[in-house]
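# Architecture at a glance
Chain by chain, the residues run as shown.
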Amino acid sequence: AVGTGGICAALPDIFRREIASHMKPFEIQLQGKPYTIKLKSFGRVDINGTTQYIRSLPHRNILFIPMEYDLPIPEGKVMLTSGLFRTHLVVDGVDQITGKPYTPISKVPFWGYIFAILDLTMCLGGGMLPALLAFLAFYLTLKVSATETYPVGVRILLSVVLLAGGWLLLLAVLMSLALG
């Protein structure tokens, strides 16, 4: 039974912390001016109490997926970026959740797109699992290829591992279903 704490009270502690960190407002200062930024449901974000619809903001795509949204804050470069499980706030090149420098999607090299498109071929397996694996490999390949913390050779190797590993996992699951 869910107690007075609602659905979050029924979740394990680690999930409650994740939900709380995702929904908490960000308090930032840019050129001495305070800003409160809060993600809301249904694709909205509040900036100092003014609601903006995320889809109406200027954005940059990777292929067909919007990945970076610019927030209308003139005092600095502030954007929302798509993460695998949550949206990140980036202020002047620093991810406000991780505290690490953010590498913009414009840094994805040409070969990263090639591997990402090859990852999407996993959808040829048909069904939800191949589509999920394809999307996961696609996203991770683009993130790995854009990160500048690893040398290019390591990034290419990781992209190959994601592609081959995704296909091997998919084939193993499909074979077990066919034989089972």
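Residues numbered from 1 in each chain as written. Predicted model: local features only at pLDDT ≥ 70, side-chain atom pairs only at ≥ 80, totals over all residues. Heavy atoms only, no water.

Moving on to the layout of surface pockets. Looking at the largest pocket, its volume works out to about 750 Å³. If you go around the largest pocket, you meet 28 residues; those closest to its centre are Asp95, Thr98, Tyr102, Lys143 and Thr147. Elements with a minimum of two residues in the lining of the largest pocket: strand 7 (78–82) and helix 4 (128–146). Per element, the largest residue contribution to the lining of the largest pocket is six residues, and it comes from helix 4. (1 Å grid on protein atoms, 1.4 Å probe; cavity = no way out; pocket = protein on both sides within 12 Å on 5 of 7 lines; lining within 4 Å. Points joined across faces, edges and corners; volume = space filled by probe spheres on them. Helix = DSSP H or I, 4+ residues; strand = E, 2+ residues; numbered from the N terminus.)

Turning to helix 3 (residues 110–120), a few remarks are in order. Among all positions in helix 3, only Gly112, Phe115, Ala116 and Asp119 are buried. In an axial view of helix 3, the angular spread of the buried residues amounts to 100°, which keeps them on one side of the axis. Contacts made by the buried residues of helix 3 are with helix 4 and helix 5 (152–179). (Buried < 20%, exposed > 50% of the residue type's maximum accessible area, 1.4 Å probe, protein only. Arc of directions from axis to C-beta. Contact = heavy atoms within 4.5 Å.)

A complete count under the given rule lists five salt bridges for this structure. Note that Lys40 is salt-bridged to Asp46, the shortest N-O span being 3.6 Å. Among the residues examined, Lys40 registers a relative accessible area of 32% and is labelled partly exposed. Its relative accessible area of 15% is what places Asp46 among the buried residues. (Salt bridge = Lys/Arg side-chain N within 4 Å of Asp/Glu carboxyl O.)

On to the packing of helix 3 against helix 4. One way to put it is that helix 3 packs onto helix 4 with a least axis distance of 8 Å and a crossing angle of 170°. Classified by the angle their axes make, helix 3 and helix 4 are roughly antiparallel. On helix 4, the residues touching Trp111, Gly112, Tyr113, Phe115, Ala116, Asp119 and Leu120 of helix 3 are Ala134, Ala137, Phe138, Thr141, Leu142 and Ser145. Among the residues forming the contact of helix 3 with helix 4, the class breakdown is nine nonpolar, three polar and one charged. (Axes fitted to C-alpha atoms, helices over the stretch in contact; angles between N-to-C directions. Parallel < 35°, antiparallel > 145°, perpendicular 65-115°, else oblique. Nonpolar A, V, L, I, M, F, W, Y, C, P; charged D, E, K, R; others polar.)

Before going further, it helps to spend a moment on the confidence of the model for the protein chain. Across the protein chain, the average pLDDT comes to 83, with 87% of residues at or above 70. Element-level pLDDT for the protein chain is lowest in helix 1 (residues 7–10), with a mean of 44, against a maximum mean of 94 in helix 3. Per-residue pLDDT stays below 50 along residues 1–21; that stretch engages in nine contacts with residues further than four places along the chain or on separate chains. (pLDDT = per-residue confidence, 0-100.)

Right, let's get into the packing of helix 4 against helix 5. Packing of helix 4 against helix 5 brings their axes to within 9 Å, and their N-to-C directions diverge by 170°. Compared by their axis directions, helix 4 and helix 5 come out roughly antiparallel. The residues of helix 5 that touch helix 4, namely those facing Leu129, Pro130, Leu133, Ala137, Leu140, Thr141, Val144, Ser145 and Ala146, are Arg155, Leu158, Ser159, Leu162, Gly166, Leu169, Leu170 and Val173. The class makeup of the residues in the contact of helix 4 with helix 5 is 12 nonpolar, four polar and one charged.

Two strands pair when backbone bridges link them, and strand 1 (residues 26–30) and strand 2 (residues 33–40) are joined in this way by five bridges, in the antiparallel orientation. Each residue of the ladder has a partner; that of Glu27, found in strand 2, is Thr36. What sits between the antiparallel neighbours strand 1 and strand 2 is a turn of two residues, in which Gln31 has the positive phi angle 50°. A loop of three residues connects strand 2 with strand 3 (residues 44–47), the two strands running antiparallel in sequence, and Phe42 in this loop sits at a positive phi of about 60°. (Pairing = 2+ DSSP bridges.)

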